[in-house]
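Tertiary structure, described
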Amino acid sequence: MEHFFEDNGAVKHSFIEDCHRLGHLLYWHKYGADCIQVRQHKQLRWLLINETLQSVVEKSRPSHLLFPHLQFLAQLWQPLTAPKSVLELGLGGGLFVITYNTLTLTAN
């Protein structure tokens, strides 16, 4: 599984490009032209919509941010005073909710 990660802990670009072919299929649903998949390889599980990676989580460390852009954003908000609550809107696998909840904050 190590070959999926960069030195900084983010998933490699090659994983993002090939993830629709990697691992084994846990869930598949087709509705019209849209297809939803959940795939897994060892401790790594990811969600794809129309073969586009939406979210990836390491099951043994669910609060660990694996996308490079999320790691960059975390560097910006982590030094800030912690909010008492957070509202997350939209898709994305709930990575910010998972991260905030591990910090004992309330996230909706």
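Now for a look at the structure at hand. This is a predicted model, so every value here is computed, not measured. (Residues numbered from 1 in each chain as written. Predicted model: local features only at pLDDT ≥ 70, side-chain atom pairs only at ≥ 80, totals over all residues. Heavy atoms only, no water.)

Now for the packing of aromatic side chains. In total, this model carries two aromatic pairs according to the counting rule given. Seen in terms of ring centroids, Phe 4 and Phe 15 are 5.1 Å apart; in terms of plane orientation they differ by 50°. Their pairing is tilted. In this pair, Phe 4 is assigned in the segment before helix H1 (13–18) and Phe 15 in helix H1, connecting sequence segments 11 residues apart. Centre to centre, the rings of Phe 15 and Trp 46 are 4.9 Å apart; their planes meet at 80°, and the pair counts as edge-to-face. With a gap of 31 residues between them, Phe 15 in helix H1 and Trp 46 in strand E3 (residues 44–49) connect regions that are remote in the sequence. By relative accessible area, which is 2% here, Trp 46 ends up buried. (Phe/Tyr/Trp six-rings, centres within 6.5 Å; stacked < 30°, edge-to-face > 60°. Helix = DSSP H or I, 4+ residues; strand = E, 2+ residues; numbered from the N terminus. Buried < 20%, exposed > 50% of the residue type's maximum accessible area, 1.4 Å probe, protein only.)

Next up on the list: the pattern of salt bridges. What the rule picks out here adds up to two salt bridges. For Asp 18, the salt bridge goes to Arg 21, with nearest N and O atoms at 2.6 Å. With its nearest N and O atoms 3.2 Å apart, the salt bridge here joins Glu 58 to Arg 61. Classification of Glu 58 as buried rests on a relative accessible area of 9%. Accessibility expressed as a relative area gives 43% for Arg 61, which makes it partly exposed. (Salt bridge = Lys/Arg side-chain N within 4 Å of Asp/Glu carboxyl O.)

Turning to the side chain of Gln 37, a few remarks are in order. The topology assignment puts Gln 37 in strand E2 (residues 34–41). We classify Gln 37 as buried; its relative accessible area is 7%. One polar contact links Gln 37 to Arg 39, side chain to side chain, over a distance of 2.9 Å. Filtering out sequence-adjacent residues up to four positions away, Gln 37 remains in contact with His 20, Leu 25, Tyr 27, Trp 28, Trp 46, Leu 47, Leu 48 and Glu 51. (Polar contact = N/O pair within 3.5 Å; in protein donor to acceptor, adjacent residues only side chain to side chain. Contact = heavy atoms within 4.5 Å.)

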